[in-house]
Amino acid sequence: MAPPEQFTEANVAALKARFESAGQGHVFTFYNSLSDVEKESLFTQLQKIDPARINKLWEFAQNPPKEPENTVVEPLPESATASILDSKPEDLERWNNLGLELIGKGEVAVILLAGGQGTRLGSKAPKGAYNIGLSSKKSLFQIQAERILKVQELAAAKAQNKSKAQVPWYVMTSGPTRAMTEKFFKKERLAELSDEDNDARAQGKPYFGMDEKNVKIFEQGVLPCYDFNGKIMLANKGEVAVAPDGNGGIYKALQDEGVLDDMRKRGIKHVHAYCVDNCLAKVADPVFIGFSAEKQVKIATKVVRKRNATESVGLILSKNGRPDVVEYSEIDQATASAVDPKHPDVLKFRAANIVNHYYSFEYLDNMGDSVNALPPPIAKKKIPYFDVDKAEAVTNITKPNGIKLEQFVFDNFKWLELSEFACFEVKREDEFSPLKNADAPGAQDCPTTSRKDIKAQGKRWVEAAGATVKNGDEEGLEVSPLTSYVSIHIPTPHLPHQMHIKRYLTII
């Protein structure tokens, strides 16, 4: 992105001309009535909006590419898939070693999608700052940072140049969460958190023990809200109404916020991206990275096995000969219930999307203007706005009056050939426990289920190592990420069983 222009009369006039040329000049309707501070604020906001791009996205949303009449969906070919459930031990070990080697060379980076607030959880703080109730009082951010520290340690143990075993962490925030996230990482108190959670954070380390230079916090973009005629809506006389551009905005944000430039300088070749609300995410997973790098794909994705035919999850599959994500609502009951001919005890379409992806840096670096081509689905919303014709604020909205557009991170999958894409199935109980909802009787994907899943995993680990948990917490046992990173057991045939497990807990 070009550096921002200075706030001068000439630059304001040029910006106004661009919006007028695009038929969006009404955003300047009240400009002359604003104070100097308000004028500069509006100028700064509008500089970040390309009116020609906004119009193209509107047209794209109104007239999306048509699907072929005879849509054909199939599971991805076996050549593009692997599963941790049934892969050969030697394959898992080879991928793990390759992943650690790449991390040891400093070629792996991680992107965290962390723009959301804990609104559904009753918190205005970033969701990553949320404490799910572990005895350690660790936040999601801390749990994930410590997994990076551990995998760096494991890679350094194998690396020739141990100082290169660094995994830069790029944290994508949003407008409402960026400042709070930066403060939380620096170990500053947040008014949005309880005293107990602030005190717990105060006992930790800045950046959770990571090197500050390896943590880059950046911001996803926004898109203006539109009225039903495609005109940009105003929030007030001096501000455009905007909404986050969705997790698909990651691609443009990587360009605009200088993230790709930073990765290029560091020599990054492999990128792992995941969502902050998954407390079980294996950050910079060497097995996944090694698998993806060995296949030399542009994008790979982790999936978990669909629980049953009626589970409401998007599916990774082949659609008209290309990789794609199809929502559960788009699949008929017969297709959803079909079983795999080769494995009749499992569903034919079972690869549930968990938004956990690998990218080759080369792919991200070469996206160019294609970041604007992600199809933005239309969402009709009730949007408070400033009526330009009546010159008054309208806040009592009783029915949808406008449109928000957002892009999805997986909508570029279909641009790839099947040979450029891969899918890696992992165990749900070891790698996927999303935090979406507040605690309530019978609730799922809530703080209680997140906490239980971490502690149940910890109990499995220590019991596998030969320990017996007596009179303990019935939910299980918390094992620090700094103690053990991985839940996968890669056996070494010539070692006794207990030595396998020791290696599993202390080395891998």
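Residues numbered from 1 in each chain as written. Predicted model: local features only at pLDDT ≥ 70, side-chain atom pairs only at ≥ 80, totals over all residues. Heavy atoms only, no water.

1. Brief notes about the overall build of the protein
Right, so step 1: Counting its regular elements, the protein contains 15 helices and 21 strands.
Right, so step 2: Taking 2.2 N^0.38 as the reference for a compact globule, 508 residues should give roughly 23 Å; the C-alpha atoms of the protein span a radius of gyration of 24 Å, in line with that estimate.
Right, so step 3: Put simply, the protein has 508 residues, and 51% of those count as buried.
Right, so step 4: In the protein, of all internal contacts separated by at least 6 residues, the share reaching a separation of at least 24 is 73%.
Right, so step 5: Accessible surface computed for the protein: about 24,100 Å², of which carbon and sulfur atoms make up 49%.
Right, so step 6: Taken together, the 66 basic and 69 acidic charged side chains of the protein have centroids lying 3 Å from each other. (Helix = DSSP H or I, 4+ residues; strand = E, 2+ residues; numbered from the N terminus. Rg over C-alpha atoms; globule rule 2.2 N^0.38 Å. Buried < 20%, exposed > 50% of the residue type's maximum accessible area, 1.4 Å probe, protein only. Contact = heavy atoms within 4.5 Å. Areas by Shrake-Rupley, 256 points an atom, 1.4 Å probe, with all protein chains shown as cover. Lys, Arg positive; Asp, Glu negative; His and termini not counted. Charge placed at Lys NZ, Arg CZ, Asp CG, Glu CD.)

2. Concerning helix α4 (residues 89-104)
Right, so step 1: Between the first and last C-alpha of α4 there are 22 Å, a value that for 16 residues agrees with the 22 Å anticipated at 1.5 Å per step.
Right, so step 2: For α4, the complete set of buried residues consists of Asp91, Leu92, Trp95, Asn96, Gly99, Leu100, Leu102, Ile103 and Gly104.
Right, so step 3: Looking at the packing, one finds that the buried side of α4 touches β2 (81-83), β3 (108-113), α5 (140-158), β10 (270-275), α10 (286-295) and β21 (421-426).
Right, so step 4: One or two positions beyond α4, positive phi appears at Gly106, with a value near 75 degrees. (Expected span 1.5 Å × (residues − 1).)

3. Topic: the environment of Gly238
Right, so step 1: Secondary-structure assignment places Gly238 in the loop between β7 (234-236) and β8 (239-240).
Right, so step 2: With a relative accessible area of 13%, Gly238 lands in the buried category.
Right, so step 3: The residues contacting Gly238, other than those within four sequence positions of it, are Leu34 and Leu42.

4. Section: empty space enclosed by the protein
Right, so step 1: Using the criterion set out here, one finds two cavities of 30 Å³ or more in the structure.
Right, so step 2: In this structure, the largest cavity occupies an estimated 170 Å³ of space.
Right, so step 3: Around the largest cavity sit 18 residues that line it, and Arg147, Gln457, Trp461, Val479 and Pro481 are the ones nearest its centre.
Right, so step 4: At the level of elements, α5 and α14 (447-464) are the ones that each hand at least two residues to the lining of the largest cavity.
Right, so step 5: Examining the composition of the lining of the largest cavity, we find that four residues originate from one element, α14, more than from any other.
Right, so step 6: Of the residues in the lining of the largest cavity, the class split is eight nonpolar, five polar and five charged.
Right, so step 7: In this structure, the second largest cavity encloses a volume near 70 Å³.
Right, so step 8: Lining the second largest cavity are Ala129, Asn131, Lys137, Lys138, Ser139, Gln142, Phe184, Leu193, Asp197, Ala200 and Arg201.
Right, so step 9: It is helix α7 (residues 195-202) that contributes the most residues to the lining of the second largest cavity, three residues altogether.
Right, so step 10: Grouping the constituent residues of the lining of the second largest cavity by class yields four nonpolar, three polar and four charged. (1 Å grid on protein atoms, 1.4 Å probe; cavity = no way out; pocket = protein on both sides within 12 Å on 5 of 7 lines; lining within 4 Å. Points joined across faces, edges and corners; volume = space filled by probe spheres on them. Nonpolar A, V, L, I, M, F, W, Y, C, P; charged D, E, K, R; others polar.)

5. Topic: the pattern of salt bridges
Oppositely charged side chains may form a pair once their charged atoms are brought near each other.
Right, so step 1: A complete count under the given rule lists 34 salt bridges for this structure.
Right, so step 2: Residue Asp199 is joined to Arg189 by a salt bridge in which the shortest nitrogen-to-oxygen separation is 3.2 Å. Placement of the pair is Asp199 in helix α7 and Arg189 in the loop between α6 (178-186) and α7, with a sequence separation of ten residues.
Right, so step 3: Judged by its relative accessible area of 38%, Asp199 falls in the partly exposed class.
Right, so step 4: The class for Arg189 is partly exposed, based on a relative accessible area of 44%.
Right, so step 5: A salt bridge links Glu431 to Lys282, with the shortest nitrogen-to-oxygen separation between them at 4.0 Å. Here Glu431, found in helix α13 (residues 428-431), pairs with Lys282, found in the loop between β10 and α10; they are 149 residues apart in sequence, far enough to count as distant. Residue Glu431 shares its accessibility class with Lys282, and that shared class is buried.
Right, so step 6: Through salt bridges with shared partners, a single network forms among Arg178, Glu182, Glu219 and Glu257. (Salt bridge = Lys/Arg side-chain N within 4 Å of Asp/Glu carboxyl O.)

6. Quick look at the side chain of Gln407
Right, so step 1: Along the chain, the position of Gln407 falls in the loop between β20 (402-405) and β21.
Right, so step 2: Gln407 gets classed as buried once you look at its relative accessible area, which sits at 1%.
Right, so step 3: Apart from residues no more than four positions distant in its own chain, Gln407 is found in contact with Arg53, Leu57, Asp245, Gly246, Asn247, Gly248, Gly249, Val371, Asn372, Leu374 and Pro376.

7. Details of the pairing of strand β12 (residues 315-319)
Right, so step 1: Among the five residues of β12, five are classified as buried, and the element is accordingly described as predominantly covered.
Right, so step 2: Both faces of β12 are covered, namely the face carrying Leu315, Leu317 and Lys319 and the face carrying Ile316 and Ser318.
Right, so step 3: With two bridges joining them, strand β1 (residues 73-74) and β12 adopt antiparallel strand pairing. Within the sheet, the bridge partner assigned to Val73 lies in β12 and is Lys319.
Right, so step 4: As judged from the five bridges shared by β12 and strand β13 (residues 322-326), these two strands associate in the antiparallel manner. In the strand pairing of β13, Ile316 is matched with Val325.
Right, so step 5: Hairpin connection of β12 to β13: two residues between the antiparallel strands, including Asn320 at a positive phi of 55 degrees. (Pairing = 2+ DSSP bridges.)

8. Digging into the packing of aromatic side chains
Right, so step 1: As enumerated under the stated definition, the model contains 18 aromatic pairs in all.
Right, so step 2: Taking 6.0 Å as the distance between ring centres and 50 degrees as the angle between the ring planes, the aromatic pair formed by Phe184 and Phe208 counts as tilted. You can see Phe184 sitting in helix α6 and its partner Phe208 sitting in the loop between α7 and β5 (215-219), a full 24 residues away along the chain.
Right, so step 3: Ring centres of Phe413 and Phe421 lie 5.0 Å apart, and the angle between their planes is 55 degrees; on these two criteria the pair is classed as tilted.
Right, so step 4: Residue Phe413 is classed as buried on the basis of its relative accessible area, which comes to 0%.
Right, so step 5: Taking relative accessible area as the criterion, Phe421 reaches 1% and is therefore assigned buried.
Right, so step 6: What links up through ring pairs into an aromatic cluster is the set Phe141, Trp169, Phe184, Phe185, Tyr207 and Phe208.
Right, so step 7: A cation over an aromatic ring shows up here: Arg201 above the ring of Phe184, its NZ or CZ 5.3 Å from the ring centre. (Phe/Tyr/Trp six-rings, centres within 6.5 Å; stacked < 30°, edge-to-face > 60°. Lys NZ or Arg CZ within 6 Å of the ring centre and 35° of its normal.)

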